[in-house]
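Notes for the structure review
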Amino acid sequence: MTSEEVLKRYFGYNSFRGLQKEAIQAVLSGRDALVLMPTGGGKSLCYQIPALMKEGLTVVISPLIALMKDQVEMLRDSGINAATLNSSQTFQESRQVMRQLANGELKLLYVAPERLMTPKMLSILSEIKINLFAVDEAHCISIWGHDFRPEYKQLSLLKEKFPTVPRMALTATADEQTREEIVSRLLVNPARFIMSFDRPNIRYRMYEKGKGYLDQVVNFIRGEHLHDSGIVYCATRKRAESVAAHLHACGINALIYHAGLTSEERDANQEAFFEHPCVMVATVAFGMGIDKPDVRFIIHVDMPKSIENYFQETGRAGRDGKAAEAVLYYGLEDLIQQRYFIEQSEADDLYKQVTLQKLDSMLGLAEAASCRRVLLLNYFGEKSEPCGNCDNCENPPKTQDATVDAQKLLSCIYRCSKTNSLGFGASHVINVLRGEVNDRIFEKNHDELPTFGIGRAHTMKYWRKILRQLVSRHYVNVNYQFWNVLTVTERAKPLLKGEEKFFIRVDGLGQLSSRKVVDHEDLDDSEQILFHQLRQWRKEVARQREIASYNVFTDETLIQIAKRKPRQPSQLLGISGIGEKRIAHYGESVCELINAWYQEQKHMPI
Ligand code: ADP
Ligand code: ZN
């Protein structure tokens, strides 16, 4: 049978899509292959069809039990002998599968990576004929990928243990760095099948959260999409609950989905979502395997953690090819909150650096003044032209010429990096630029650099914004393997020479005035964290003493403390709003908190 005949007979489809046929051909000829297709692109057939055409067994490695089960059920329905081995099975069930395996009765075996790499499993597999290893969600093997899973790492051994069996790595999200990591760990001289990530029917829009943005969401749904299905993504379960309540109160029939619900509730809501048009308010828990073709809109009311997440979540809209909308509301509060969670998490340092950098790239996209699609595709290594179907193309935002500032920052990064072969991180470079006097700057003699203090006129926050745009346009490289230190790239040369201009967007500042002070302009990242911790502390003290927070300390006082970082109570004197009495009351515990913060900083980047 030809591959077309297999497609027709087992799957009922008339023709291949995109690069499916070519990828299948490569595997049939015995080559390794890298398959990059957006979600819904039809990756599974790329290994399922060779599995049916070749003699022996195809082993599919996948991290998700639910997806494995679905696929196996579907294949069995089509009369294909497939099975899965996973931790949710009874001993009886897995023994049955093992027996079929040893007898050579299976065409496809779906298995989790940790199960595959057990000695017992490897020894059974070495006895039978295997025609292909297909590694699904292959980006999980990359530390740079947004969903690194340690158990994927062992898959590097497949090359050595089964050198003659072809391997196929499949993923829906991989920028260039991730792609190279997948290839080097899993494949040998692979054929590459990279389908465009463009989803031209999706219209991208991004807004900074202003007062009443939830009412804009309500108007958007009620006005244009009352009879459509859509998903509203929230950062946390609590947010999902409160956003859903808000929508309900406004007469929108919203369902909820997050990991805090019972599995019965989740199943019921998911089913309802598939059955009739409605709005699902959800965390990222709602997603994997959602293949509803007519989702008309995706709204993010909180910023996703990475561009990969954003792309994957918005990619659930418009699968039917008809016009669909992706609207994002982002706020700097979300960002600081997320940075704080990352810093506080138990994860290792490398992981934290990667995650922080990804978050910054996402913000860089949100703040951009140019075509969203160009930037989005560029992130995944694809070149394209302005699309005419995003907010920035439709209504070009007001911009300002920031060429001189960009040059200042670039040359400061360059000067700093010349004094240390690896370079320095964002906070340090910007502190030098702003002429801050701190120990680290003296220690490195960076107060003697010609760029010291030439950026005093602007806040830390402003420089951060310039930096994010420089990074997202590849003028500056961030070394995520080493404390996110910065280096200037070749690409920056024309800008430094003045042959190119650099514009940034000017935002409607009017909207922001009513926001709470949680992101002070002059605090650097680590000071923001301290400020956040001080506020938590204040909340607790106020609760215990049954007084209002501002009677403990005002925000302004906490900002001053975060800037000065006194280690002993006596050093608090002189900060506005702090007298003898407050020092006696709170001095000890404030300094304790600050000293703990210093401890954490020891593990922080340069
Ligand atoms: P991915 O794994 O890339 O997200 P799937 O392999 O799950 O995508 O395929 C997505 C959907 O497209 C499935 O319902 C699948 O049956 C369908 N599909 C895949 N290839 C074809 C094709 N050549 N013709 C029609 N439908 C296809
Ligand atoms: Zn555009």
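What counts, and where the lines are drawn
Residues numbered from 1 in each chain as written. Chains lettered and ligands numbered in written order. Predicted model: local features only at pLDDT ≥ 70, side-chain atom pairs only at ≥ 80, totals over all residues. Heavy atoms only, no water. Near = heavy atom within 4 Å. Polar contact = N/O pair within 3.5 Å; in protein donor to acceptor, adjacent residues only side chain to side chain. Areas by Shrake-Rupley, 256 points an atom, 1.4 Å probe, with all protein chains shown as cover. Nonpolar A, V, L, I, M, F, W, Y, C, P; charged D, E, K, R; others polar. Donors = N, O, S within 2.8 Å, 3.2 Å for Na, K, Ca; no water. Tetrahedral: all angles 85-135°; square planar, octahedral: opposite > 155°, others 65-115°. Helix = DSSP H or I, 4+ residues; strand = E, 2+ residues; numbered from the N terminus. Contact = heavy atoms within 4.5 Å. Core = buried A, V, L, I, M, F, W, Y, C linked by side-chain atoms within 4.5 Å. Buried < 20%, exposed > 50% of the residue type's maximum accessible area, 1.4 Å probe, protein only. Expected span 1.5 Å × (residues − 1). Salt bridge = Lys/Arg side-chain N within 4 Å of Asp/Glu carboxyl O. pLDDT = per-residue confidence, 0-100. Pairing = 2+ DSSP bridges. Axes fitted to C-alpha atoms, helices over the stretch in contact; angles between N-to-C directions. Phe/Tyr/Trp six-rings, centres within 6.5 Å; stacked < 30°, edge-to-face > 60°. Lys NZ or Arg CZ within 6 Å of the ring centre and 35° of its normal. Right-handed = clockwise from strand over helix to strand, strands pointing away.

**Let's talk about the site of ligand 1**
Lining the immediate surroundings of ligand 1 are 14 residues, of which Y13, S15, G40, K43 and S44 lie closest. In this structure, an oxygen atom belonging to ligand 1 sits 3.4 Å away from a main-chain N or O atom of G41. Coverage of ligand 1 by the protein chains reaches 74% of its 560 Å² of free accessible surface. Partitioning the shell around ligand 1 into residue classes produces four nonpolar, seven polar and three charged.

**Considerations on the coordination of the zinc ion (ligand 2)**
Protein-derived coordination of the zinc ion (ligand 2) comes from C371 (SG), C387 (SG), C390 (SG) and C393 (SG), at a distance range of 2.3 to 2.4 Å. For the zinc ion (ligand 2), the four donor atoms are set out with angles of 101 to 121 degrees between them, so the coordination reads as tetrahedral. Spacing between the donor residues of the zinc ion (ligand 2) along their common chain follows C-x15-C-x2-C-x2-C. With C371 in the loop between α16 (349-367) and α17 (372-379) and C393 in helix α18 (residues 391-394), this residue pair connects regions lying 22 residues apart in the sequence.

**Re the side chain of S361**
Relative to the helices and strands, S361 is located in helix α16. Leave out the neighbours within four places in its chain, and S361 touches I307 and Y379.

**Description of the nonpolar core**
Note that soluble globular proteins tend to have their nonpolar side chains buried in a common cluster. Counting residues in each nonpolar core, the largest one holds 84 residues, and the members touching the most others are I61, L101, L116, L125 and L155. Other than its neighbours up to four places away in sequence, L101 contacts L57, L106, L109, M121, I124, L125 and I128.

**Things to note about helix α5 (residues 91-102)**
In this model α5 runs 16 Å from its N-terminal to its C-terminal C-alpha over twelve residues, within 8% of the 16 Å that 1.5 Å per residue would give. Check the buried side of α5 and you find it contacts β2 (57-61), β3 (82-85), β4 (108-111), α6 (113-116) and α7 (119-127). Where α5 terminates, the next one or two residues include G104, which has phi positive at roughly 70 degrees.

**As for the pattern of salt bridges**
In a structure, side chains of opposite charge can pair up when their charged atoms sit close to one another. Counting across every chain of the model gives 24 salt bridges. The partner of D32 in a salt bridge is R167, and the shortest N-O contact between them spans 3.0 Å. You can see D32 sitting in the loop between α2 (20-28) and β1 (33-36) and its partner R167 sitting in strand β6 (residues 167-171), a full 135 residues away along the chain. What makes D32 buried here is its relative accessible area of 7%.

**Re the confidence of the model for the protein**
The predicted model of the protein averages 89 in pLDDT, with 97% of residues at 70 or higher. Contacts of residues 509-518 to residues separated by more than four positions or lying in other chains number 19 contacts, the stretch itself having pLDDT below 50.

**Considerations on the sheet that holds β4**
If you trace the seven strands from one edge of the open sheet to the other, you get β3-β4-β2-β5-β6-β1-β7, paired in parallel fashion. A strand with exactly one partner marks an edge of an open sheet, and here the two such strands are β3 and β7 (191-194). Neighbour-to-neighbour, the strand axes of this sheet turn through a mean angle of 15 degrees, independent of strand direction. As paired elements, strand β5 (residues 130-135) and β6 share three bridges and run parallel to each other.

**Description of the packing of aromatic side chains**
All chains considered together, the criterion is met by 19 aromatic pairs. Residues Y340 and F341 carry aromatic rings whose centres are separated by 6.3 Å and whose planes lie at 55 degrees to one another, so their mutual orientation is tilted. Here Y379 and F380 contribute two aromatic rings whose centre-to-centre distance is 5.4 Å and whose plane-to-plane angle is 90 degrees, an arrangement assigned as edge-to-face. The same class applies to Y379 and to F380, which are both buried. Following the ring pairs from residue to residue traces out a cluster consisting of F197, F311, Y379 and F380. Positioned over the ring face of F273 is K292, at 5.4 Å from the centre of the ring. Directly above the ring of Y598 sits R567, whose terminal nitrogen or CZ lies 3.6 Å from the centroid.

**Notes on the sheet that holds strand β13 (residues 324-330)**
Adjacent strands of a sheet form backbone hydrogen bonds with each other and so pair up, either parallel or antiparallel. Taken in spatial order, the six strands line up as β8-β13-β12-β9-β11-β10 in an open sheet, and their pairing is parallel. If you trace the sheet from one side to the other, it starts and ends with β8 (202-208) and β10 (254-257), each paired once. With strand direction ignored, the average angle separating the axes of adjacent strands in the sheet is 20 degrees. The pairing of β8 with β13 spans seven bridges and is classified as parallel. By the bridge assignment, Y204 is partnered in β13 with A326. Sitting on the sheet, helix α13 (residues 263-275) is in contact with β9 (229-233), β10, β11 (279-282) and β12 (295-300), with an inclination near 135 degrees to β10.

**A short note on the pairing of β11**
Side chains of β11 alternate between two faces, with V279 and V281 and M280 and A282 buried alike. Pairing geometry for β9 and β11, over four bridges, is parallel. Paired with Y233 across the strands is A282, a residue of β11. Taken together, the four bridges between β10 and β11 define a ladder with parallel strand orientation. Its bridge partner lying in β11, Y257 is registered against A282. Considered for its hand, the β-α-β crossover made up of β10, α13 and β11 is right-handed.

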